[in-house]
Amino acid sequence: MFAVVASIAFGVIVLSFTDVPALNLVAGFAILASLVWFGVRYVVWTTTNFVVTTDRLISRTGVFSREGIEIPLERINTVFFRQTLFERMIGSGDLELESASEEGSSVFNDIRRPIDVQNEIYQQMEANENRKFDRVGKNIASQSPQSSTGQAESIPDQIAKLDDLRQRGALTDAEFQTKKEDLLRRM
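Residues numbered from 1 in each chain as written. Predicted model: local features only at pLDDT ≥ 70, side-chain atom pairs only at ≥ 80, totals over all residues. Heavy atoms only, no water.

## What about the sheet that holds strand β4 (residues 76-82)?
Then comes step 1: Spatially, the three strands line up as an open sheet ordered β4-β5-β6, and their pairing is antiparallel. Since the sheet does not close on itself, it has two edges, and those belong to β4 and β6 (105-112), each with one partner. Looking at each pair of strands side by side, their axes are set apart by 20 degrees on average, direction ignored.
Then comes step 2: Two strands pair when backbone bridges link them, and β4 and strand β5 (residues 92-99) are joined in this way by six bridges, in the antiparallel orientation. Considered in β5, the bridge of I76 is made with S99. (Pairing = 2+ DSSP bridges. Helix = DSSP H or I, 4+ residues; strand = E, 2+ residues; numbered from the N terminus. Axes fitted to C-alpha atoms, helices over the stretch in contact; angles between N-to-C directions.)

Below, the structure is given as structure tokens:
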């Protein structure tokens, strides 16, 4: 962006104060090239979509041909953002996501309000994780028989059922440990 402003300022000064045709041609070309560059960047920016949903992060970009990526929130490990001084002034920046994918890292340039997007990604990741545990808890509750007194199974019995689900592959080790810790806190 600085190059656009500088080339336009240079061009206007040269065109206003000199009569050298070659210099005027260079100044005019600099103005035209910087405006074309800015126009192309603006069109690409306006045709780029970056969306955080409750389950995934979606990015679509392209003017004539389109490309996109969808990253499930549970695969995202770390979110970095970078902003230059100028990007801070206009509310833009870059996001880098480290995820459990083939590429490992994905960079998204010129994202609006990257700090807010980073916070939203982390909030949705946490909400997604909580929904997953709630589904597991409801599944366990619906499968656990009531005792003759009408009370739910004891916590050790629930942990045994969780372990059975883990051994059958319905839960990951991390999910099992988290739910087990939650149940042990209730004791």
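Next, the rest of the story.
## A word on the pairing of strand β3 (residues 67-72)
Then comes step 1: Inspection of the sheet shows strand β2 (residues 56-61) paired to β3 by six bridges, in the antiparallel sense. Opposite L57, over in β3, you have I71 as the bridge partner.
Then comes step 2: From the end of β2 to the start of β3, which pair antiparallel, there are five residues, and G62 there has a positive phi angle of about 130 degrees.

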